[in-house]
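# Geometric and topological summary
As a plain string of letters, each chain reads:
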Amino acid sequence: MLTAATTQNVYDVALENFDRAADALDLDSDTREMIKYPERMLTVTVPVRMDDGRLHRFEGYRVQHSSVRGPAKGGIRYHPQVTLDEVKALATWMTWKCAVVNIPFGGAKGGVTCDPKHMSAGELERMTRRYTSAILPIIGPEQDIPAPDVYTNAQTMAWIMDTYSMTKGYPIPGVVTGKPLSLGGSLGRSEATGRGVFYTITCACEHLKMQLPGAAVAVQGFGNAGSVAAQLLHEAGARVVAVSDSTGCVYNSKGLNIPELIHLKTLTGRVAGFPEAEAMDPAELLTLKCDILVPAALESAIDSANAPGVHARIIAEAANGPLTPAADRILNGNETFVIPDILCNAGGVTVSYFEWVQDEQHLFWEAQDVYNRLERVMQTAFRDVLKIHLDRKVPMRLAANMLGIGRVAEAVKLRGVYP
Ligand code: GLU
């Protein structure tokens, strides 16, 4: 996706961040060549019979960036702005993300360029099944395991699981994660990304000696990640003063009633019109006077144009890639503490890993067990990244990239070059 202020392509952002971390790690050029680029990229045509009888051709992608540390892993996104470059960037970030939380997966991502908000359930099902059939040769529980991402959900995963299983001839729940519970999903998966965001914010507050109760929070994006993070922050006594989604933004200086806002969003699909709140320009949310800013929407939300106006002490990147490198440079000079995406939002893929383990073992865990394990993983990852940040005096993003890329580099050196 391009932004007006920078026009920097997101895949170039991913490559730039890689180079910076590789330099800081003093990685040799052979290792860089081995781990920097996607291993496999597939572009597929997805013809779908629409409800009105017309045939519509969609374009879909699946990019496997790395299988060095384990099967490729990452979500599938349905959005009008999906491009191959975006999917390549997101797949690259998945590799470093899985390594940061030290789960035995590589990185992948998929996407279909479409507008799911204007498609019926039947059209979405037919598109999902045809897309699955097109990427079927390269996915599988030991090879590449999709999951939900922007505008895909447990139902989407159920269709993928069914299409894959029917083709193979027997049920294979481990081919996707983020499935419904009744198909081998895990307790705690649907809220895992937001819960992980909350755990890392708690760690950051502890590190900065900041009080979470009473802290003012602004959340951009009220989907799966943003709404759960907002709910948990609200329960912990923080004041969530502003929330936006793709249709509008609501503000209340005393704090919004998040459970009621989630109720409204579930009923109407939007946050706009929430009583006991003022309407606000969504662009203003990012520069609001608040303690914690949670960008939980799409890439490049904060760029060189609006970064100078950001006031938050903590930015918790629930979305993937919400800050451009130019924004990073501005905020690094501003004492802003950034919890980078590959650490902050890694709770989703972590519980995906738990789900995959449960599917492989046909043995399922209790919710509290999932939460406890997730909390431990997130705390350990936070501590590991923070240590590099403090020891090497580098920004948190660079520290996280150094941790993730360093782990992948170590694995690739041990494996060597085939043949
Ligand atoms: N789409 C999520 C992410 O960006 C989850 C991926 C997964 O669970 O595989 O991390």
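Scroll up to find the structure this text is about.
Let me begin by describing the structure that accompanies this report. For every chain, the first residue of its written sequence is number 1, and the numbers climb from 1 along that sequence. Owing to the predicted nature of the model, reporting of local features is limited to residues with pLDDT of at least 70; listing and counting of side-chain atom pairs is limited to 80 or more, with chain, interface and lining totals taken over all residues. For the side-chain quantities, the full set of heavy atoms in the structure was used; hydrogens and water were omitted.

### Brief notes about the overall build of the chain
- For the purposes of this entry, the term helix denotes a DSSP run of H or I that reaches at least four residues, the term strand denotes a run of E that reaches at least two, and both are numbered from the N terminus. Each helix and strand counted, the chain has 14 helices and 12 strands in total.
- In this setup the radius of gyration rests on C-alpha atoms only. A globule is expected at 2.2 Å times the number of residues raised to 0.38. For the chain, the C-alpha radius of gyration of 20 Å lies close to 22 Å, the compact-globule estimate for 419 residues.
- Dimensions of the chain, computed from C-alpha atoms along their principal axes, come out at roughly 55 × 55 × 45 Å.
- Relative accessibility thresholds used throughout: buried, under 20% of the residue-type maximum; exposed, over 50%; partly exposed, between the two (1.4 Å probe, protein chains only). Classification of the 419 residues of the chain by burial places 60% in the buried group.
- Contact criterion: two residues are considered in contact whenever any of their non-hydrogen atoms come within 4.5 Å of each other. Across the chain, contacts joining residues at least 24 apart in sequence account for 68% of those joining residues at least 6 apart.

### Focus: the site of the ligand
- To be near a molecule or strand, a residue needs just one of its heavy atoms within 4 Å of it. Inspection of the region around the ligand gives 14 residues, with K73, K97, P148, D149 and S352 positioned closest.
- Distance and chemistry together define a polar contact, namely a pair of N or O atoms within 3.5 Å, with one atom able to donate a hydrogen and the other to accept it when in protein, and with adjacent residues in sequence counting only for side-chain atoms on both sides. Within the backbone of P148, an N or O atom sits 2.9 Å from a nitrogen atom of the ligand.
- The side chain of R189 places a nitrogen or oxygen atom 3.1 Å from an oxygen atom of the ligand.
- Here the accessible surface of atoms and residues is derived via Shrake-Rupley with a 1.4 Å probe, and residues count as covered only by protein chains that are part of the display. Protein contacts shield 95% of the accessible area of the ligand, which totals 300 Å² for the unbound molecule.
- The set of elements that each furnish at least two residues to the shell around the ligand consists of β3 (72-79), α3 (84-100), β5 (144-148) and α12 (347-361).

### Some points on the environment of V338
- For V338, the position within the fold is in strand β12 (residues 337-339).
- For the pair V338 and R397, spaced 59 residues apart in the sequence, the C-alpha separation amounts to 7.3 Å.
- With near-sequence residues (within four places) excluded, V338 lies in contact with I315, E317, L323, M396 and R397.

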